[in-house]
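Listed below, chain by chain, are the residues.
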Amino acid sequence: MKSRHKKLALIGGAIALVGIIAALVLNALNSNIALYISPTDVAQGKAPQEKLFRIGGLVKEGSIQRQADGVTIRFIITDSESDISVDYVGILPDLFLEGKGAVAQGRLLPDGTFKAQEVLAKHDENYMPPEAAKALNDAHVRGVQRQAEEEAAKAAQPKASY
Amino acid sequence: MIPELGHFALIFSAIVALLLGTLPLIGAHQGRPAWIALARPATDVFALLVTFSFLCLTWAFIANDFSVVYVAQHSNSLLPIEYRISAVWGGHEGSLLLWMLMMSWWALAVRLFSRQLPDVMLARVLGTLGLVCFGFLLFILFTSNPFERLLPGVAEGRDLNPLLQDPGLIIHPPLLYMGYVGFSVAYAFAIAALLSGKLDAAWARWSRPWTTAAWVFLTLGIAMGSWWAYYELGWGGWWFWDPVENASFMPWLIGTALMHSLAATEKRGSFKNWTVLLAISAFSLSLLGTFLVRSGVLTSVHAFATDPTRGIFILIFLVAVVGTSLALFAWRAPSVGLGGKFGLVSRESLLLTNNVLLVVSCATVLLGTLYPLLIDALGLGKISVGPPYFDAVFVPVMVPVLFLMGIAPFARWKEASLPEIQRAVRWALAAAAVVAIALPLIYGEWKTLTALGILLAGWILFTAGLNFFQRVSATRGERSLLASVFSQPASFAGMHLAHIGVAVFVVGVAMVSSYEEEKDVKMAPGETVEVSGYSFTFNGVQAVQGPNYQAAQGEFDLSMDGRFIRKLNPEKRNYFSSSMPMTEAAIDAGLWRDVYVSLGEPINPDQPEGEWAVRVYYKPFVDWIWGGCVIMSLGGLIAMFDRRYRNRRKTGGKQA
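Every value quoted in this text rests on a predicted model; they were computed, and no experiment measured them.

Reading guide: rules and limits
- Residues numbered from 1 in each chain as written.
- Chains lettered and ligands numbered in written order.
- Predicted model: local features only at pLDDT ≥ 70, side-chain atom pairs only at ≥ 80, totals over all residues.
- Heavy atoms only, no water.
- Domains from an automatic or database assignment.
- Contact = heavy atoms within 4.5 Å.
- Buried area = accessible area lost by both parts, 1.4 Å probe.
- Salt bridge = Lys/Arg side-chain N within 4 Å of Asp/Glu carboxyl O.
- Polar contact = N/O pair within 3.5 Å; in protein donor to acceptor, adjacent residues only side chain to side chain.
- Helix = DSSP H or I, 4+ residues; strand = E, 2+ residues; numbered from the N terminus.
- Nonpolar A, V, L, I, M, F, W, Y, C, P; charged D, E, K, R; others polar.
- Buried < 20%, exposed > 50% of the residue type's maximum accessible area, 1.4 Å probe, protein only.
- Pairing = 2+ DSSP bridges.
- Core = buried A, V, L, I, M, F, W, Y, C linked by side-chain atoms within 4.5 Å.
- Axes fitted to C-alpha atoms, helices over the stretch in contact; angles between N-to-C directions.
- Parallel < 35°, antiparallel > 145°, perpendicular 65-115°, else oblique.
- Left-handed = near helix turned anticlockwise from the far one by under 90°.
- Phe/Tyr/Trp six-rings, centres within 6.5 Å; stacked < 30°, edge-to-face > 60°.
- Lys NZ or Arg CZ within 6 Å of the ring centre and 35° of its normal.

Colleague: Run through the domain arrangement of chain B, naming residues and quoting values.
Modeller: Residue and element names in this part refer to chain B. Entries for chain B in the domain assignment read domain 1 (1-165), domain 2 (177-335 + 348-409) and domain 3 (517-624). Centre-to-centre, using C-alpha coordinates, domain 1 lies 24 Å away from domain 2. Domain 1 puts 29 residues into the contact, and the matching count from domain 2 is 33 residues. With both sides pooled, the region where domain 1 packs onto domain 2 buries about 2900 Å², and carbon together with sulfur makes up 82% of that total. One can count 0 salt bridges joining domain 1 with domain 2. Across the contact surface, domain 1 and domain 2 share 1 residue pair in polar contact (both at pLDDT 80 or more). At the level of secondary structure, the elements contributing two or more residues to the side of domain 1 that touches domain 2 comprise helix 6 (92-113) and helix 7 (119-143). Looking at the side of domain 1 that touches domain 2 residue by residue, the class counts come to 20 nonpolar, 7 polar and 2 charged.

Colleague: Can you tell me about the side chain of H499(B), naming the residues and giving the values?
Modeller: Residues and elements named next belong to chain B. Summarising the element assignment, H499 is placed in helix 18 (residues 490-515). We classify H499 as buried; its relative accessible area is 13%. When residues no more than four places from it in sequence are discounted, the contact partners of H499 are H260, M405, P409 and I460.

Colleague: With reference to specific residues and values, describe the pairing of strand 2 (residues 53-59) of chain A.
Modeller: Residue and element names in this part refer to chain A. Most of strand 2 is tucked away: 6 of the 7 residues are buried. Bridge count for strand 1 (residues 33-36) against strand 2 is 2 bridges, and the pairing is parallel. Bridge pairing links L35 to F53 in strand 2. The sheet contact formed by strand 2 and strand 6 (residues 101-108) spans 6 bridges and is antiparallel. Opposite G57, over in strand 6, you have A102 as the bridge partner. Both strand 2 and strand 4 (residues 72-78) contribute to a ladder of 2 bridges, which runs antiparallel. Note that in strand 4 the partner of L58 across the bridge is T78.

Colleague: Lay out the nonpolar core in plain terms, naming residues and giving numbers.
Modeller: Residues and elements named next belong to chain B. Formed by 189 residues in total, the largest nonpolar core has its most connected members in M100, M103, F136, F189 and W203. Among the elements that take part in this core, helix 8 (residues 167-196) stands out by supplying 17 residues, more than any other. Leaving out residues up to four positions away in the same chain, F136 has contacts with L96, W99, M100, L287 and F317.

Colleague: Residues and numbers for unusual backbone geometry, please.
Modeller: What you tend to see is this: most non-glycine residues have negative phi, and most peptide bonds are trans. Residue and element names in this part refer to chain B. Residue P152 is reached from L151 by a cis peptide bond, and omega for that bond is -5°. Here P152 shows up in the loop between helix 7 and helix 8. Even without a glycine there, the phi angle at D159 is positive, about 90°. Positionally, D159 belongs in the loop between helix 7 and helix 8. One non-glycine residue, K414, lies in positive phi territory at about 75°. On the secondary structure map, K414 appears in the loop between helix 14 (387-407) and helix 15 (418-442). A relative accessible area of 49% places K414 in the partly exposed class.

Colleague: Pulling in residues and values, what's your account of the packing of helix 10 (residues 243-268) of chain B against helix 13 (residues 347-377) of chain B?
Modeller: Residue and element names in this part refer to chain B. Relative orientation of the contacting elements helix 10 and helix 13 amounts to 165°, with a least axis distance of 9 Å. Overall, the two elements helix 10 and helix 13 adopt an arrangement that is roughly antiparallel. Between helix 10 and helix 13 lies a crossing whose hand is left-handed. Contact residues: P243, N246, M250, L253, I254, T256, A257, H260, S261, A264 and R268 in helix 10; E348, L351, N354, N355, L358, V359, S361, C362, V365, L366 and T369 in helix 13. When the residues that make up the contact of helix 10 with helix 13 are grouped by side-chain class, the tally is 12 nonpolar, 8 polar and 2 charged.

Colleague: How would you summarise the packing of aromatic side chains if you had to cite specific residues and measurements?
Modeller: Working definition: an aromatic ring pair is given by the centre-to-centre distance plus the angle between the planes. Residue and element names in this part refer to chain B. A full pass over the atoms with the stated rule returns 40 aromatic pairs over all chains. Ring centres 4.9 Å apart and planes at 25° place the aromatic pair W99 and F136 in the stacked group. One end of the pair, W99, is in helix 6; the other, F136, is in helix 7, and 37 residues separate them in sequence. The buried category is assigned to W99, whose relative accessible area is 1%. With a relative accessible area of 1%, F136 lands in the buried category. Aromatic side chains Y230 and Y596 sit 5.1 Å apart centroid to centroid with 70° between the ring planes, which places their arrangement in the edge-to-face category. One end of the pair, Y230, is in helix 9 (residues 201-232); the other, Y596, is in strand 10 (residues 593-602), with 366 residues separating them in the sequence. Y596 matches Y230 in its accessibility class, with the two residues each being buried. Three or more aromatic residues joined by ring pairs form one cluster here, namely W215, W239, W241, F249, W252, Y389, F390 and F394. Its end group placed over the ring of W413, R347 keeps NZ or CZ at 5.0 Å from the ring centre. Residue placement shows K619 over the ring face of Y617; its charged tip is 4.8 Å from the ring centre.

As structure tokens, this is what we get:
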């Protein structure tokens, strides 16, 4: 083989390799992304039915219930606006506590419960997962807005009764 | 008083680092011997000051000085002394100081073990290290000062995170940091070579043992972290593709590529530019890793409560380092030259393929790690990329790497003959195929991926053995076989040992991912659960008192076929100082399998003596994963001590 042909073969091989790998990567990335969706969005039906996704928020106080089989746990994740009931089979991470932030990954069942495959643990008791923090914050902002709108509406009402 | 001394020492060390980072570099550029000569003493003083500062912080921990904010946040008077010492790097500020300490020691090591290095070169290397240290010291002093006082002091500290109260955590961060920071030496050598404009074989020979040393530490550090996650987190997994794990894995992949490309640069003068780029990348990825961990931009099990200004500082630092390095590279690279020519099939082309694949695999990991950040930054919502992505892209890229690992040692430099290699390795392939078919059948269930893994592992093992003994018999002459074995160059033996380590690792991964068994069950005292032929009988739970915690300790009888093996005592701990419960798994480790029990929670929280949720595992070959890493490191260690790195004056000194 001439050196020019060798070079062409090398370059061609490299391009083919990169192409295959890029296809592989994009395909894998596409099918393995878990979108994060807040409890309120889930309650409004914005969650995908068949795909894995993540929810985050606070574990509602007093909501952790152990089912009769001993290893299925049901709890509620809330962003203070909407509650989502979550089922998880297995042993929860140590830092999973009522009133603390948590992130769960799984699927939505037709009855509206969230079947978690994975519940994320944290290393630090004071740490709040960013997703959970965002859900709470968004819900809070909406709450404030609603309140402001209600007040504005009230103020706009004619004071006929007086 | 002592914390203030530590603080002052740190400030002085920043000044010394600035001197070290400027005068010798300018001196080397303008040819001023006096300024060049400053590099050595400045390095000594710098290392001394940083070490002193570190000791001051350690003293504050040992003496329970809770008037220091950092100590109050990460220690407690009930904490046993060994954890009070390791608590020094249990938080952000102290771990950065540890990073600094490691870096000053690396600089000192370069200064001590590079007597043969020309003064100008040494001044440039140490000067580059000094500049990097200066940047980090500014970061510590302005955003993360561990010596900050809390006035008035508090009577009791908040305690070390219970997850970190473990022997694994005493050594995991120092090993990992030694690795991360070690790449700064390879980086400094590359920058020094670019500055001097001489990227030659001598430069490659100088940086090789340092790169290998950093790689050895990083390998051990990652393996240690993985092992710790396995036994301490109680989930039984050994790798989660967590962003922070990826952050340490990416420099490892590039570091591995760098070691191999340095070999080609040293032996044949090939890929010089490429090697320099890899050296810059390896260190940049170490910095990126620090940024990811410290800025809190990613959801990770490692995430700590964080401070955004720190993230921004590291990001600016990262941009400065990468930017100036690449600018320097762009300026100097065209004058470097191409090095020796090589054929389509040759040791060089195989190493190049290895490099491309390793870099590609690193890029896929980087993409998966940063993709959520990118999407978030573009306002497209928050997402996470799960382990299946990484498995799907990483494994296929690694398969050819493992395959080439068997062939490359047989290939000659410059031009190799394919038929010759084929003749040499065909029996190794046949033997590997036999093992790959037999082992899954012994385990009762055919798994194609496992068979492929075993095939590749066997292939690496047999080709390494074959190649080693071919060389032994070729160089034997009149000597005994054993004498010939021991007279092989250390780097040659080290290479094969490291490759065998990879094979052992692959066996562990292939076996455990297919044949592990896991059960989450509810158990009442007296009940038995069976996993893969092992019986676990639960004898109940009793309260146990630790130095700074109260624990519920379970007792299990492990037996097989009615034969008692041992008792297993997993614990659920509650630390006094924090509300965090902690699971301590009980593991019966073995060469062929681990069995693993961990306690979940009591079914009825008011009756801890009653039923519990329990997790039991059977993990075949899982210890081979970490064993393989240890063998890899051992191989690296042996290669580092090759004779030619010590006799460089004779062979390399002149060219420099």
